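Take a look at the letters that make up each chain.
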Amino acid sequence: MSYLAHAPFNTFFALHLSNAGYESSSIGLLIAFGVILEIVLFIYGGNVVKTISLTHLFALCFSVGTVRWVLVGWYAQSLWIVIFTQLLHCVTFALFHIAAIEQVRRLFPEVYLSQGQACYGGLAVGLGGGLGAVLAGYAWDAYGDAWTFTGASIASALGLMVLLLSWKKMSEVAQ
């Protein structure tokens, strides 16, 4: 769900900011800011998965995504809100990816780890991102930019709900 929710951002964020009145150079700087924060988290965030439950990390990522996409969709005219949402990029993208790769590492024995990562890449990134991009394109044409990002927020909220329901179900089974 995370990659599906990121699809409007990956596909239309620059256009959305342009529609909100930003110059091309400002858009490039804002995108670069988010990428730099993402790289910093990739460099220093690996130990996070050793100290915090993956379920809690995924819940954080989906919760932040739910808020981030609404802010991006409806408040892009405010530079400070856009900067804030770009700060959140390292959580919704990088932290999610770090946690997901760690989950794959835990689920697959060492000899099958590359196949596990390939499945993750194909299903989550490929299928999720591809389906999200197609849906975002239709939503953009039918409902406009703010509602497209609201759809991304709903996808994040659905991801959080599925996570929490499965977490509750697994807790019940363990008892």
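Residues numbered from 1 in each chain as written. Predicted model: local features only at pLDDT ≥ 70, side-chain atom pairs only at ≥ 80, totals over all residues. Heavy atoms only, no water.

Caption draft 1: Spotlight on the nonpolar core. Formed by 24 residues in total, the largest nonpolar core has its most connected members in Phe58 and Phe96. Those elements that provide at least two residues to this core are α4 (54-74), α6 (89-107), α7 (113-143) and α8 (145-174). Ranked by residue count, the leading element in this core is α6, at nine residues. One finds Ala5, Phe12, Ile27 and Ala155 within the second-largest nonpolar core, a separate group that totals 18 residues. (Core = buried A, V, L, I, M, F, W, Y, C linked by side-chain atoms within 4.5 Å. Buried < 20%, exposed > 50% of the residue type's maximum accessible area, 1.4 Å probe, protein only. Helix = DSSP H or I, 4+ residues; strand = E, 2+ residues; numbered from the N terminus.)

Caption draft 2: A look at the pattern of salt bridges. Within this structure, the stated rule accounts for two salt bridges. Arg106 serves as the salt-bridge partner of Glu102, at 2.9 Å between the closest nitrogen and oxygen. Here Glu102 pairs with Arg106, and both are found in helix α6, just four residues apart, close to one helical turn. A relative accessible area of 11% places Glu102 in the buried class. The class of Arg106 is partly exposed, set by a relative accessible area of 45%. Sharing partners across several salt bridges, the network here consists of Glu102, Arg105 and Arg106. (Salt bridge = Lys/Arg side-chain N within 4 Å of Asp/Glu carboxyl O.)

Caption draft 3: Focus on the environment of Gln77. Here Gln77 lies in the loop between α4 and α5 (79-87). Distance from Gln77 to Tyr22, taken between C-alpha atoms, is 8.3 Å for residues 55 residues apart in sequence. When sequence neighbours within four positions are dropped, the list of residues in contact with Gln77 reads Ala20 and Tyr22. (Contact = heavy atoms within 4.5 Å.)

Caption draft 4: Local environment of the packing of aromatic side chains. According to the stated counting rule, one finds 11 aromatic pairs in the structure shown. Ring geometry for Tyr3 and Phe96: centres 6.1 Å apart, planes at 80 degrees, overall edge-to-face. Within this pair, whereas Tyr3 is found in helix α1 (residues 2-19), its partner Phe96 is found in helix α6, the two being separated by 93 residues in sequence. Taken together, a centroid distance of 5.1 Å and an interplanar angle of 90 degrees make the contact between Trp74 and Trp147 edge-to-face. (Phe/Tyr/Trp six-rings, centres within 6.5 Å; stacked < 30°, edge-to-face > 60°.)

Caption draft 5: View of the environment of Gly126. Note on placement: Gly126 falls in helix α7. Using a relative accessible area of 40% as the deciding quantity, one classes Gly126 as partly exposed. For Gly126 and Ala99, which are 27 residues apart along the polypeptide, the C-alpha to C-alpha distance reads 18 Å. Dropping the residues within four chain positions of it, Gly126 is found in contact with Gly121 and Leu131.

Caption draft 6: Main features of the environment of Ile31. Topologically, Ile31 is positioned in helix α2 (residues 24-44). Taking the C-alpha atoms as reference, Ile31 lies 9.5 Å from Ile83; in sequence the two are 52 residues apart. Once residues within four sequence positions are removed from consideration, Ile31 is found in contact with Phe13, Ala14 and Gln86.

Caption draft 7: Quick look at the confidence of the model for the protein chain. The pLDDT averaged across the protein chain works out to 93; a share of 96% of its residues lies at or above 70. Per-element confidence in the protein chain is highest for α5, whose mean pLDDT is 97, and lowest for α8, whose mean pLDDT is 87. (pLDDT = per-residue confidence, 0-100.)

Caption draft 8: The arrangement of α5 in detail. Residues Val82, Thr85 and Gln86 constitute the buried set of α5. Seen end-on, α5 carries its buried residues on one side only, within an arc spanning 100 degrees. On its buried side, α5 packs onto α1, α2, α4 and α6. (Arc of directions from axis to C-beta.)

Caption draft 9: Fine view of α6. The first and last C-alpha atoms of α6 sit 26 Å apart over 19 residues, in line with the 27 Å expected at 1.5 Å per residue. Where α6 bends most, the angle comes to about 25 degrees, and this point is Leu95. Considered for burial, the residues of α6 that qualify are His89, Cys90, Val91, Thr92, Ala94, Leu95, Phe96, Ile98, Ala99, Ala100, Glu102 and Val104. Tucked inside the fold, the buried residues of α6 contact α1, α2, α3 (48-51), α4, α5 and α7. (Expected span 1.5 Å × (residues − 1). Bend = angle between axes of the 7 residues up to and from the residue.)

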